[in-house]
Amino acid sequence: MHVFRIRQAIYLAIGSTILLVSTLTFAADKKAPANKVAVVNGVIISQGEFDRGLELNKKRLASRGRQIPEEQMAKFRNEVLDEIINMELLYQDSKKKGIEVKPEVFSNQFTAFKQQFSDEDEYNKWIKENNFTEADFIDELKHIIAIRELIDKEVTEKVKISDDESKQYYDTHPEFFKQPEQVNASHSGNLGYFRRGQMVKPFEDAAFKLKPGETSDIVETRFGYHLIKVVDKQPEKTLAYAEIKDRLNELLKKQKLETEVDLYIENLRKDAKIEKFL
């Protein structure tokens, strides 16, 4: 069970900010020395903010039907704390690099975030349920934007994938580019192309036995009775490099970016003074 990865948080578009903010928490209460769980280059991470981060991560996992086994709780708590520390280190580095969030950038992203709620009451409910004050949330969102700008400047702009790299990956991983047999069938309206495993088995078995232009006998499934007409069939094939080159380049760039962000954080941790009291 892993907490929400910092590298993933940085890549999220503003449309997903609600997930990002509801998963990680910053050192909001830096003045209260009591009940501290860590100190990062002199900045205190309080027990309260850690507890909030822990509960938010639990809620996120619970929404996916996952629970933390008791025997893994200690490890999970430590991972949550490490992610909070990583965010604090990145924010501190953004300040060192002179990154300041422009008012118009914050305003646009704050507006986009609030538009995910149906009204002001729903937004205020979310604030309350996640133990924020609006001031805390605004401060945290500014931190997140600053971190994203830092990563864009220091890492993303430097990550490149050449055509030679993507072609080599394509040539050495042919199993990833196989497209299984597909059928384009219709019944009461065209269903488009589908592969095996996407329809209930009786429907699928009948459709894949037919040739283009043929219509099945009555097929019974748990959804009722069907007449299936096959419009077209496509055999299994390997996608050509030219077809997937752009998507593959983006995938490989994202993978390389994740690695580089991890290395960036690792270097920040090497030079930082981190005390943990968990």
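As the structure is a computational prediction, the values presented were derived from the model and not from experiment.

(A) Structural context of the sheet that holds strand β2 (residues 43–46). Spatial strand order, β2-β1-β10: three strands in an open sheet with antiparallel pairing. At either end of the open sheet lies a strand with only one pairing partner, and these are β2 and β10 (274–276). The average undirected angle you get between the axes of adjacent strands in this sheet is 15°. Bridge count between strand β1 (residues 36–40) and β2: four bridges; the pairing is antiparallel. Bridge pairing in β2 places Val40 opposite Val43. The strands that helix α3 (residues 47–63) touches are β1 and β2; relative to β2, the one it contacts most, it runs at about 55°. Across the sheet, helix α4 (residues 73–96) touches β1, β2 and β10, and the angle it forms with β1 is around 35°.

(B) Structural detail: unusual backbone geometry. At Asn41, a residue that is not glycine, the phi angle is positive and equals roughly 50°. A relative accessible area of 34% places Asn41 in the partly exposed class.

(C) Structural view of a nonpolar patch on the surface. A grouping of Ile218, Tyr225 and Leu227 is seen on the molecular surface, where their side chains present a nonpolar patch of about 390 Å² in accessible area. If you trace the backbone, Ile218 turns up in the loop between α9 (201–209) and β6 (219–221). With a relative accessible area of 63%, Ile218 lands in the exposed category.

(D) Layout of the packing of aromatic side chains. Scanning the model with the defined rule gives 16 aromatic pairs in all. Here the aromatic rings of Phe110 and Phe137 are separated by 6.1 Å at their centres, their planes lie at 40°, and the arrangement is tilted. Placement of the pair is Phe110 in helix α5 (residues 103–114) and Phe137 in helix α7 (residues 134–154), with a sequence separation of 27 residues. The class of Phe110 is buried, set by a relative accessible area of 14%. With a relative accessible area of 0%, Phe137 lands in the buried category. One aromatic cluster is present, built from ring pairs that chain together Phe106, Phe110, Phe113, Phe117, Tyr123, Trp126 and Phe137. Across the ring face of Tyr123, the terminal group of Lys114 is positioned such that the distance to the ring centre comes to 4.5 Å. The ring of Phe208 has Arg196 sitting right over it, with the charged end atom 4.1 Å from the ring centre.

Conventions we followed
- Residues numbered from 1 in each chain as written.
- Predicted model: local features only at pLDDT ≥ 70, side-chain atom pairs only at ≥ 80, totals over all residues.
- Heavy atoms only, no water.
- Pairing = 2+ DSSP bridges.
- Helix = DSSP H or I, 4+ residues; strand = E, 2+ residues; numbered from the N terminus.
- Axes fitted to C-alpha atoms, helices over the stretch in contact; angles between N-to-C directions.
- Contact = heavy atoms within 4.5 Å.
- Buried < 20%, exposed > 50% of the residue type's maximum accessible area, 1.4 Å probe, protein only.
- Patch = residues over 30% accessible without salt bridge, like charges linked within 9 Å, V, L, I, M, F, W, Y side chains within 5 Å.
- Areas by Shrake-Rupley, 256 points an atom, 1.4 Å probe, with all protein chains shown as cover.
- Salt bridge = Lys/Arg side-chain N within 4 Å of Asp/Glu carboxyl O.
- Phe/Tyr/Trp six-rings, centres within 6.5 Å; stacked < 30°, edge-to-face > 60°.
- Lys NZ or Arg CZ within 6 Å of the ring centre and 35° of its normal.

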